[in-house]
Amino acid sequence: MAASAPPSPFAPKTLPVMPVVDGVRFETAEARIRYKNRTNLMVAVFDEGSVAAGVLTRSKTCSAAVSWCRESLADGRAGILVVNSGNANAFTGKRGRDAVELTAEYAANAVGSAPSAVYLASTGVIGEPMDAGKFAHLLSGLAKSAKPDATEAAARAIMTTDTYPKLATRTVRIGDVDVHINGFCKGAGMIAPDMATMLCFMFTDAAIERRVLQAMLAKHAATTFNCMTVDGDTSTSDTCLLFATGAAVKRGQQPITDAADPRLAAFDIALHDLMRDLAIQVAKDGEGLTKFVTFEVFGAENWEAARRVALACANSPILKTAIAGEDPNWGRVVMAVGKSGEAADRDRLSIWFGPHCVARNGERAAEYVEKTVAQYMKSPEIVIRVDVGVGAGEATVWTCDLTKDYVAINADYRS
């Protein structure tokens, strides 16, 4: 588990300094949902007028909290976010729905909002009933004691098998006013996002109309979180929420209500950059990893086809174990491309491991020297590039290797 797993070799030596985002406050608690001596409950409390956007898992067995968020997003107002770790409250039937409704009732009362302004997320073991009565009574006190500078504590409270909190921040100007975007996410296993990531929460003090916010989030999720995978397994709990408090209006920012507003350009770029940063951090904390791997696919029919080819490579156990063993087995790349179901010209297929061309135009490259490429495979960060030879589509996917430690972590997950 997270408490005993060795830290990722890519764990940052220092965490980013997170500026205060006006209009949002955080608090955490040890609610004994599953583990003792760990904070496993966090709340984020929003000023009146805050709005939310989100992308959620398309899993057919999604958690009760995901279903709740889907309904809350239709309203778009934001009063409070409640997140627990240790129990996913997924596949728990009526008891799961009752737990969500009880939590939402207490959360709404804690901040004086409508239940539709409550957002919930849960992560942890699937299939175990969650007794919300053990922690719902804490929400009022947490809401009252919430602090604007407790972002890191909030990020730590939602960790499960993560070995470090994943945080990112950006500051940009809208007109003549600086606005902040802070984000944190969790995820290390059961990672193959489908519309979102394991759990990701972002906060900005910018004043942006929620439909504009929603369009930006959905657009950027496709090329960030949905281009990252650890093991090919999409969680029941995938939830990615972006909250805008609008507090920058008090500093002179004029609200943005149109996606075509040129003042939005810098924010749009910064949001994508922050989401990309968080997605890569998840891949760099994959359970048991020793290598961070980037697959760059080009020459495909279109972007979506390139993404599918890259994901076929990134989710291939036999290819990922070869990378773990530092084996330059490029034949397994050929296999993954072929099984992807996307168009590829076998006789124009070319592959590079880092700077080394290992296959060109459908056969082993004349300059390929296995000893040289094997030395490259000892690098902690590996880049594999593939030209499928049929078009102009290209995409990048981030992942990690598959090791014995991944098996050990997941074999012991519920112990």
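Above this note sits the structure.
Heads up: these notes are all about the structure in this document.

The rules behind each value
- Residues numbered from 1 in each chain as written.
- Predicted model: local features only at pLDDT ≥ 70, side-chain atom pairs only at ≥ 80, totals over all residues.
- Heavy atoms only, no water.
- Buried < 20%, exposed > 50% of the residue type's maximum accessible area, 1.4 Å probe, protein only.
- Helix = DSSP H or I, 4+ residues; strand = E, 2+ residues; numbered from the N terminus.
- Pairing = 2+ DSSP bridges.
- Right-handed = clockwise from strand over helix to strand, strands pointing away.
- Polar contact = N/O pair within 3.5 Å; in protein donor to acceptor, adjacent residues only side chain to side chain.
- Contact = heavy atoms within 4.5 Å.
- Axes fitted to C-alpha atoms, helices over the stretch in contact; angles between N-to-C directions.
- Parallel < 35°, antiparallel > 145°, perpendicular 65-115°, else oblique.
- Left-handed = near helix turned anticlockwise from the far one by under 90°.
- Nonpolar A, V, L, I, M, F, W, Y, C, P; charged D, E, K, R; others polar.
- Phe/Tyr/Trp six-rings, centres within 6.5 Å; stacked < 30°, edge-to-face > 60°.
- Lys NZ or Arg CZ within 6 Å of the ring centre and 35° of its normal.

1. Digging into the pairing of strand 9 (residues 239-244)
Thought 1: Most of strand 9 sits inside the fold, with six of its six residues counted as buried.
Thought 2: Residues Thr239, Leu241 and Phe243 line one face of strand 9 and the alternating positions Cys240, Leu242 and Ala244 line the opposite face, and both faces are buried.
Thought 3: The sheet contact formed by strand 8 (residues 199-204) and strand 9 spans six bridges and is parallel. Following the sheet pairing, methionine 202 is matched in strand 9 by leucine 242.
Thought 4: As for the winding sense of the linkage, the β-α-β connection from strand 8 through helix 5 (residues 210-223) to strand 9 is right-handed.

2. Notes on the side chain of serine 63
Thought 1: Position of serine 63 relative to the elements: it lies in the loop between strand 3 (51-56) and helix 1 (64-75).
Thought 2: Its relative accessible area of 1% is what places serine 63 among the buried residues.
Thought 3: Reaching out from serine 63, the side chain makes a polar contact with the backbone nitrogen of valine 66 at a distance of 3.2 Å.
Thought 4: Every residue in contact with serine 63, bar those within four places of it in the chain, is listed here: Ala88, Asn89, Ala90, Thr236 and Ser237.

3. Comments concerning the packing of helix 1 against helix 2 (residues 93-111)
Thought 1: The geometry of helix 1 relative to helix 2 is characterised by a closest axis approach of 9 Å and an angle of 50 degrees between their N-to-C directions. As far as their axial angle goes, helix 2 and helix 1 are oblique. Where helix 1 crosses over helix 2, the two elements pack in a sense that is right-handed. Two secondary-structure elements touch here, helix 1 through Ala64, Ala65 and Trp68 and helix 2 through Gly96, Arg97, Val100, Glu101 and Ala104.
Thought 2: The residue makeup of the contact of helix 1 with helix 2, split by class, is five nonpolar, one polar and two charged.

4. Brief notes about the sheet that holds strand 15 (residues 393-400)
Thought 1: Reading across the sheet, the six strands line up as 13-12-11-14-10-15 and stay open at both edges, with mixed pairing between neighbours. Of all strands in the sheet, those with a lone pairing partner are strand 13 (363-364) and strand 15, marking the two edges.
Thought 2: The sheet contact formed by strand 11 (residues 350-353) and strand 14 (residues 381-387) spans four bridges and is antiparallel. Counterpart to isoleucine 351 in the pairing with strand 14 is valine 386.
Thought 3: Here helix 6 (residues 265-283) sits on the sheet and contacts strand 10 (292-300) and strand 15; the angle it forms with strand 15, its principal contact strand, is near 45 degrees.

5. So, unusual backbone geometry
Thought 1: Positive phi is not limited to glycine here, since glutamate 326 has a value of about 55 degrees.
Thought 2: Considering the arrangement of structural elements, one finds glutamate 326 in the loop between helix 8 (317-324) and helix 9 (331-339).
Thought 3: One non-glycine residue with positive phi stands out, namely asparagine 361, at about 50 degrees.
Thought 4: Mapped onto the elements, asparagine 361 comes out in the loop between strand 12 (356-360) and strand 13.

6. Comments concerning the sheet that holds strand 9
Thought 1: Spatial strand order, 3-9-8-7-6: five strands in an open sheet with mixed pairing. For this open sheet the edge positions go to strand 3 and strand 6 (166-174), each flanked by a neighbour on one side alone. Neighbour-to-neighbour, the strand axes of the sheet open up by a mean angle of 15 degrees, direction not taken into account.
Thought 2: Of the pairings in the sheet, the one linking strand 6 to strand 7 (residues 177-186) comprises nine bridges and is antiparallel in character. What sits directly across from leucine 167, in strand 7, is phenylalanine 184.
Thought 3: The strands that helix 1 touches are strand 3 and strand 9; relative to strand 3, the one it contacts most, it runs at about 135 degrees.

7. Here we look at the packing of aromatic side chains
Thought 1: Scanning the model with the defined rule gives eleven aromatic pairs in all.
Thought 2: Relative to phenylalanine 292, the ring of phenylalanine 10 lies with its centre 6.3 Å away and its plane at 65 degrees, an arrangement referred to as edge-to-face. Of this pair, phenylalanine 10 sits in the segment before strand 1 (24-29) while phenylalanine 292 sits in strand 10, and the two are 282 residues apart along the sequence.
Thought 3: The buried category is assigned to phenylalanine 10, whose relative accessible area is 15%.
Thought 4: Ring geometry for tyrosine 119 against phenylalanine 243: centres 5.5 Å apart, planes inclined by 80 degrees, an arrangement best described as edge-to-face. Taken together, the positions of tyrosine 119 in strand 5 (residues 118-125) and phenylalanine 243 in strand 9 put the pair 124 residues apart, joining distant regions of the chain. An identical accessibility class is assigned to tyrosine 119 and phenylalanine 243; each is buried.
Thought 5: Directly above the ring of tyrosine 164 sits lysine 166, whose terminal nitrogen or CZ lies 4.7 Å from the centroid.
Thought 6: Here the guanidinium or amino end of lysine 284 rests over the ring plane of phenylalanine 292, the centre of that ring lying 5.0 Å away.

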